[in-house]
Amino acid sequence: MIINLPENVAYIINTLEEAGFEAYAVGGCVRDVILGRTPNDWDITTSATPNETKALFKKTFDTGIQHGTVSVLLGKEIYEVTTYRIDGKYEDSRHPKEVTFTVNLEDDLLRRDFTINAMAYNPSSGLVDIYGGLEDIKRKTIRCVGNAEERFSEDALRILRAIRFAAQLGYEIDKETEEAIKKLAPTLSKISAERIQVELVKTMLSANPAILKKAYELGVTKVFFKEFDCMMETGQNNPHHMYTVGEHTLKVCENIPAERKLRLAALFHDVAKPVAKTTDEDGVDHFNNHPKIGAQMAKDILRRLKFDNDTINAVAKLVEFHDYRPEVTKRAVRRFINKMGEEYFPDIFTLQRADLSGQSPYQMEEKLERLGKIEKIYGEILKDNECVSLKTLAVKGKDLIDAGVKPGPDLGVILSKMLEDVLDNPQNNTKEYLLEHFVEKN
Ligand code: ATP
Ligand code: MG
């Protein structure tokens, strides 16, 4: 097998080899090239010690020198060059206690998580694939290098990485690896929320977010997202639905574009259904107020997983309004936009449409037609440049002061009244009209 290395990568490998060391492109980049994907970054592994590497390149810095990693700067690009290493015993399923440098590539490949991530390549030796990575790519399998239980005991994050790679690549998880995940899933509790978040997001943004069902079955979601387990276990006996809350949620995730906020909103939109559920005397399930309760739950869960405030607020807003259906009039849609906030449009429609895709056929045509009409009205409001917030109100605070209103809380009160009027009567959004009708003359 011949792999076309980027010029800089070939240069680094060549420089190290000419100085008498071994060097290879390794890990994710080799996997991605074989898969015909563009690697995120190119990592290099070498028999040279960090100091030996540093001596060979003009610009380097110590990124993780205690773990053997030196960053080499070529032009504007950064390449991580890491000394062959054996990871010592892991503490708390988290960190290797110490790393030992080695001169055997084989040992370095052995410390890596999955066979598909444990291949190395350089032009002189070709592909080095000691643990059957290529075979597993052919079989579309995620398999641990060596003993799966040992590997997950060393670093429990690998459990989530296995699921994430399976989702991204559309692969199955090997039987033994899967058994080990099931057994060791509880040890994920030792992994930081930040690291869990990274893997969860990558999984949700993949082509197969519904793999979360597998994660549920293996006892993985229970550890950091038990609310999802409740969703999987909550039936929906009413005409609008034909799946459990969890199955429905995964359908919605699959049918919404792979954007961070949208996928997360899809994941959380019905998170409160298990707690909001009531069953009436005819045995029909109701989920009153679940969007509102769900918005708060989404906030709590996302905060727990250490998401940023911008993401938390946007997702909570989308959850809160996912079921909101204004009257099919321009006036009602303007009020909807004003109430929710312009920045969430048209995302909210994208979520509502995806939500419908996971429901039963009952009244589906009507539901889709109605949503289509609302979207069309939204488009008209945009096209007609109608005011839906203070941002585009024809009068600003300063105009009120110029008209003789005393600075202070009165300004806000008057502006709100003006906006109220304009939401119902867009043609009134002119300075003349508003000042004339809302500012008392002395
Ligand atoms: P991507 O960059 O697409 O997320 P990747 O496989 O490149 O995937 P990185 O986190 O960039 O993943 O790590 C690079 C390589 O380092 C991996 O391919 C793997 O060989 C090794 N590696 C990373 N994390 C671990 C881990 N937790 N346990 C064992 N090996 C790991
Ligand atoms: Mg990578």
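Structure shown above.
Each chain has its residues counted from 1, running along the sequence as written. Here chains are named by letter from A upward and ligands by number from 1 upward, in the order in which they appear as written. pLDDT decides what is reported in this predicted model: residues at 70 or higher carry local features, side-chain atom pairs at 80 or more are listed and counted, and totals for whole chains, interfaces and linings draw on all residues regardless. The side-chain quantities take in all heavy atoms of the structure and omit both hydrogens and water.

Section: the overall build of the protein chain
Selection rule: Secondary structure elements are defined from DSSP: runs of H or I of at least 4 residues count as helices, runs of E of at least 2 residues count as strands, and each element is numbered from the N terminus. The globule rule used here is 2.2 Å times the number of residues to the 0.38 power, and the radius of gyration it is set against is calculated over C-alpha atoms. Each residue gets one of three labels from its accessible area relative to the maximum for its type: buried under 20%, exposed over 50%, partly exposed in between, using a 1.4 Å probe on protein chains only. Here, two residues are considered to be in contact whenever any of their heavy atoms come within 4.5 Å of each other. The Shrake-Rupley method, run with a 1.4 Å probe, gives the accessible areas here. Residue values count only the displayed protein chains as cover. For the purpose of charge, His is not counted, nor are the chain termini; Lys and Arg are scored as positive and Asp and Glu as negative. Here the site of a charge means atom NZ of a Lys, CZ of an Arg, CG of an Asp or CD of a Glu.
Check the secondary structure of the protein chain and you find 23 helices and 15 strands. A compact globule built from 442 residues would reach a C-alpha radius of gyration of about 22 Å, whereas the protein chain, at 28 Å, exceeds it by more than 25%. Seen through its C-alpha atoms, the protein chain measures out along the principal axes to roughly 90 × 60 × 35 Å. Expressed as a percentage of its 442 residues, the buried residues of the protein chain come to 49%. Counting only contacts in the protein chain whose residues sit at least 6 apart along the sequence, the fraction spanning at least 24 positions is 63%. Accessible surface computed for the protein chain: about 21500 Å², of which carbon and sulfur atoms make up 49%. Of the charged side chains in the protein chain, 61 are positive and 71 negative; the average position of the first set lies 3 Å away from that of the second.

A short note on the nonpolar core
Filter applied, for reference: Definition of nonpolar core: a set of buried residues of the types Ala, Val, Leu, Ile, Met, Phe, Trp, Tyr and Cys, connected through side-chain atoms within 4.5 Å.
Ile142, Val220 and Phe268 are the most contacted members of the largest nonpolar core, which totals 103 residues. Per element, the largest residue contribution to this core is nine residues, and it comes from helix 7 (residues 157–169). Leaving out residues up to four positions away in the same chain, Ile142 has contacts with Phe114, Ile116, Ala162, Phe165, Ala166, Leu169, Tyr171, Glu172, Ile173, Asp174 and Thr177. By size, the runner-up hydrophobic cluster in this structure holds 14 residues, among which are Cys387, Leu411, Met418 and Val439.

Overview of the pairing of strand 1 (residues 23–26)
Just so we agree on the cut-off: Paired strands, in this sense, are two strands between which DSSP finds at least two bridges.
Of the two faces of strand 1, the one carrying Ala23 and Ala25 and the one carrying Tyr24 and Val26 are both buried. Two strands pair when backbone bridges link them, and strand 1 and strand 2 (residues 43–46) are joined in this way by four bridges, in the antiparallel orientation. The partner of Ala25 across the bridge, within strand 2, is Ile44. Direction of pairing for strand 1 relative to strand 10 (residues 120–122): antiparallel, over a ladder of two bridges. By the bridge assignment for strand 10, Ala25 is matched with Tyr121.

With respect to the site of ligand 1
Keep this limit in mind: Nearness is judged by heavy atoms alone; a residue qualifies as near a molecule or strand once a single heavy atom is within 4 Å of it. Following the grouping adopted for this structure description, the nonpolar residues are Ala, Val, Leu, Ile, Met, Phe, Trp, Tyr, Cys and Pro, the charged ones are Asp, Glu, Lys and Arg, and the polar ones are all others, Gly among them.
Around ligand 1, the structure places 15 residues, and the nearest of them are Arg31, Asn117, Asp155, Arg158 and Arg164. For the shell around ligand 1, the secondary structure elements donating two or more residues are helix 2 (28–34) and helix 7. The dominant element in the shell around ligand 1, judged by the number of residues it contributes, is helix 7, at four residues. The class makeup of the residues in the shell around ligand 1 is one nonpolar, four polar and ten charged.

Observations concerning helix 17 (residues 309–320)
Using the following cut-off: Helix span, expected: 1.5 Å multiplied by one less than the number of residues in the helix.
In a regular helix each residue adds 1.5 Å, so twelve residues correspond to 16 Å; helix 17 covers 16 Å between its end C-alpha atoms and thus fits that length. Every buried residue of helix 17 is listed here: Thr311, Ile312, Ala314, Val315, Ala316, Leu318 and Val319. Check the buried side of helix 17 and you find it contacts helix 14 (260–268), helix 16 (290–304), helix 18 (330–340) and helix 19 (347–357).

Focus on the sheet that holds strand 10
Our working rule: As a rule, the C-alpha atoms of each element are fitted with a line to give its axis, helices using only the stretch in contact, and angles between N-to-C directions run from 0 to 180 degrees.
The seven strands lie next to each other as 3-4-5-2-1-10-11, forming an open sheet whose pairing is mixed. Each of the sheet's edge strands pairs with one partner strand only, and the pair in question is strand 3 (60–64) and strand 11 (126–128). Sheet twist, expressed as the average angle between the axes of neighbouring strands with direction ignored, equals 35°.

Some words on the packing of helix 14 against helix 17
The condition that has to hold: Any angle that falls under 35 degrees is termed roughly parallel, while one over 145 is termed roughly antiparallel, one within 65 to 115 roughly perpendicular, and all others oblique. Here a crossing is called left-handed whenever its near helix is offset anticlockwise from the far helix by less than a right angle, and right-handed whenever the offset is clockwise.
Between helix 14 and helix 17, the least distance of the axes is 9 Å, while the angle of their chain directions is 50°. Between helix 14 and helix 17, the angle is such that the two are oblique. Considering only the axes of helix 14 and helix 17, their crossing is right-handed. Residue-level contacts link Arg260, Lys261, Leu264, Ala265 and Phe268 of helix 14 to Asp310, Thr311, Ala314, Val315, Leu318 and Val319 of helix 17. Class assignment of the residues belonging to the contact of helix 14 with helix 17 gives a composition of seven nonpolar, one polar and three charged.

Describing unusual backbone geometry
Here the amide bond leading from Phe345 into Pro346 is cis, since omega sits at 0°, within 30 degrees of zero. Inspection of the secondary structure puts Pro346 in the loop between helix 18 and helix 19. Positive phi, close to 55°, is recorded for Gln363, a residue that is not glycine. Looking at the secondary structure, you find Gln363 in the loop between helix 19 and helix 20 (364–383).

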